[in-house]
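# Working through the structure, step by step
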Number of protein chains: 2
Amino acid sequence: MKILLVGASGTVGQGIATELEKDNEIIRVGKTSGDYQVDLTREESVRNLFNQVGKVDAIVSATGGVHFGPLTSMTTEQFNLGLQDKFLGQVRLVLIGQDFLSPGGSFTLTTGILAQQPIAQGVSATAVNGGLEAFVQAAANELRQGQRINAVSPTVLTEALESYGPFFPGFESVPASRVALAYRRSIQGVESGRVYRVW
Amino acid sequence: MKILLVGASGTVGQGIATELEKDNEIIRVGKTSGDYQVDLTREESVRNLFNQVGKVDAIVSATGGVHFGPLTSMTTEQFNLGLQDKFLGQVRLVLIGQDFLSPGGSFTLTTGILAQQPIAQGVSATAVNGGLEAFVQAAANELRQGQRINAVSPTVLTEALESYGPFFPGFESVPASRVALAYRRSIQGVESGRVYRVW
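The residue count restarts for each chain, going from 1 along the sequence in the order it is written. Chains and ligands are labelled by the order in which they are written, letters from A for the one and numbers from 1 for the other. Under the rules for a predicted model, residues below a pLDDT of 70 receive no local features and side-chain atom pairs below 80 are neither given nor counted, while totals for whole chains, interfaces and linings still include all residues. Side-chain numbers come from the whole structure's heavy atoms, not from hydrogens or water.

## Looking at the interface of chain B and chain A
When the parts of a complex come together, some accessible area is lost, and that lost area is often taken as the interface size. Residue contacts are defined here by distance: any two heavy atoms, one from each residue, within 4.5 Å place the two residues in contact. On the chain A side, the residues contacting the 39 residues of chain B number 39 residues. Interface area for chain B against chain A, summed over the two sides, is near 3,000 Å², with a carbon-plus-sulfur share of 67%. Looking only at chain B, the three residues that lose the most surface to chain A are Leu71, Thr76 and Glu142 of chain B, adding up to 23% of its buried area. We define a salt bridge as a side-chain nitrogen of Lys or Arg found within 4 Å of a carboxyl oxygen belonging to Asp or Glu. Applying the counting rule to chain B against chain A returns zero salt bridges. Whenever two N or O atoms come within 3.5 Å, that pair is a polar contact, provided that in protein one can donate a hydrogen and the other can accept it, and provided that, for residues adjacent in sequence, both atoms are side-chain atoms. Put simply, chain B and chain A have twelve residue pairs in polar contact (both at pLDDT 80 or more) between them. Every element with two or more residues in the side of chain B that touches chain A is listed here: helix 3 (76–97) and helix 4 (123–142) of chain B. The dominant element in the side of chain B that touches chain A, judged by the number of residues it contributes, is helix 4 of chain B, at twelve residues. Residues are grouped as follows: Ala, Val, Leu, Ile, Met, Phe, Trp, Tyr, Cys and Pro are nonpolar; Asp, Glu, Lys and Arg are charged; all remaining types, including Gly, are polar. Here the residues of the side of chain B that touches chain A sort into 20 nonpolar, 15 polar and four charged. When two components associate, each loses some accessible surface as probed by a 1.4 Å sphere; the sum of these losses over both components is called the buried area. A run of H or I in DSSP counts as a helix once it spans at least four residues, and a run of E counts as a strand once it spans at least two, with each numbered from the N terminus.

Now the structure itself:
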């Protein structure tokens, strides 16, 4: 299977690549690294990516930034960063990508545990992840030619505990290798409109 | 209680005003009508509104546009309309409004049944409503001085059946007067981070 993996150099992305390259062709995409580069916040950049890559059997996104900070001092502009990057960036990949995804192919987006389990300073992340999960649920009904769409929602990664651990007090971490299984399940399974929670 | 009602001229807004004006002072706000005008998509417009109105005891939003159309032909720009209008517009009202809301005061935002129950051409509405509901859940933990935040999620209104009925096949409608009770419950209740579903 030919799998387009956006965010291939991140911790989750590397886990996905390691898991899936055993039996698939992985096209690694990053902002500055990988086989191809893309900026999901720019329409032309995403169009260029697909024009270069052509048809694929699965499109995976494991990327997207949001602003972390207290609600009491958050600006609208800071909140909009997550809407434009993690939220609209992944939606853009679907809207443009549906014309380049094989019949029966799958989209797998990435949300996160904060969708249901807020942490301090994480209001924007919760809002963006919640919106993406709702998007996946609705989009599954309207995709055509058997195309499917799911999301994977990881908790904090064991590999990222050193940097992010203090923001997730008392949260159990999971290794990227376990999170990666959920992407395989989305890609090779039969379901659509699902959120696979790895927590 | 002094209640700022944004979207006062809409079907839901009129229902809220009728319910709450019995025992409260309602400041009606609209895009072009009402005691004051505001454009929630513009930062300066929201700041001007609060600078004119000053402190209030409750802030209610019953407004926000999204694009309706098939996913297969939706553009990123069309999807972003809902993110900038219904989603970020209501979030902006909270981010700026928290400095003008009395201690113990409440925000009540408006989502909708599509958050959990998708309809054809409603992908953007589902995504925006889902994001707003997640925002409310997280924001409730970070507001200060006893400020609270909830959302009301109405199904299709009986008063709007003539225009919107065909988009909601088999959905039961509710009268605006019933939806209005949920806003009263949010404003005069004790809960925060709740979504009151009227369906």
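## So, the sheet that holds strand 2 (residues 25–30) of chain B
All names here are of chain B. Paired strands are those between which DSSP finds at least two bridges. Pairing is parallel across the open sheet formed by seven strands, whose spatial order is 3-2-1-4-5-6-7. Lying at the two open borders of the sheet, with one neighbouring strand each, are strand 3 (36–37) and strand 7 (195–198). Pairing between strand 2 and strand 3: two bridges, direction parallel. Following the sheet pairing, valine 29 is matched in strand 3 by tyrosine 36. Axis definition: a line fit to C-alpha positions, over the contact stretch in the case of helices; interaxial angles, taken between N-to-C directions, run 0 to 180 degrees. The sheet strands contacting helix 1 (residues 11–20) are strand 1 (2–6), strand 2 and strand 4 (56–61), and the helix crosses strand 1 at an angle near 165°.

## Observations concerning the confidence of the model for chain A
You can read pLDDT as the predictor saying how much it trusts each residue, on a scale of 0 to 100. Of all residues in chain A, 100% have pLDDT values of 70 or greater, and the mean over the chain is 98. Predicted as a complex, the structure gets a pTM of 0.98 and an ipTM equal to 0.97.

## Quick look at the pattern of salt bridges
Overall, the coordinates contain 16 salt bridges over all chains when judged by the stated rule. Note that glutamate 21 of chain A and arginine 28 of chain A form a salt bridge whose closest N and O atoms lie 2.7 Å from each other. With its nearest N and O atoms 3.0 Å apart, the salt bridge here joins glutamate 44 of chain B to arginine 42 of chain B. Sharing partners across several salt bridges, the network here consists of Glu19, Lys22, Asp23 and Arg184 of chain A.

## What to know about the relation of the copies chain B and chain A
When chain B is fitted to chain A, the best match, at an RMSD of 0.0 Å, comes from turning it 180° and sliding it 0.0 Å along the axis. Such a combination of turn and shift is consistent with a two-fold rotation axis. Residues of chain B ranked by C-alpha distance from the rotation axis are headed by glycine 131 of chain B, positioned 1.8 Å from it. Looking at the interface residues of chain B, 100% of them are also at the interface in chain A, so both copies use one shared face. The least-squares superposition of copies is restricted to C-alpha atoms, and to residues with a pLDDT of at least 70 in both copies.

## Regarding the nonpolar core
Residues Phe79 and Phe135 of chain A together with Phe135 of chain B are the most contacted members of the largest nonpolar core, which totals 79 residues. Beyond its immediate stretch of four places on either side in the chain, phenylalanine 135 of chain B contacts Leu71, Phe79, Val123 and Ala127 of chain A together with Val91, Val94, Leu109 and Ile149 of chain B. The nonpolar core is taken to be a set of buried Ala, Val, Leu, Ile, Met, Phe, Trp, Tyr and Cys residues, with the residues joined through side-chain atoms within 4.5 Å. Each residue gets one of three labels from its accessible area relative to the maximum for its type: buried under 20%, exposed over 50%, partly exposed in between, using a 1.4 Å probe on protein chains only.

## So, helix 6 (residues 176–188) of chain B
Residue and element names in this part refer to chain B. One fewer than the residue count of a helix, multiplied by 1.5 Å, yields its expected span. A rise of 1.5 Å per residue sets the reference length of helix 6, with its 13 residues, at 18 Å; its end C-alpha atoms lie 19 Å apart and thus fit the reference within 8%. Of the residues making up helix 6, those classed as buried are Ala176, Val179, Ala180, Ala182, Tyr183, Arg184, Ser186 and Ile187. On its buried face, helix 6 sits against strand 1, helix 1, strand 4, strand 5 (101–110), strand 6 (148–154) and strand 7.

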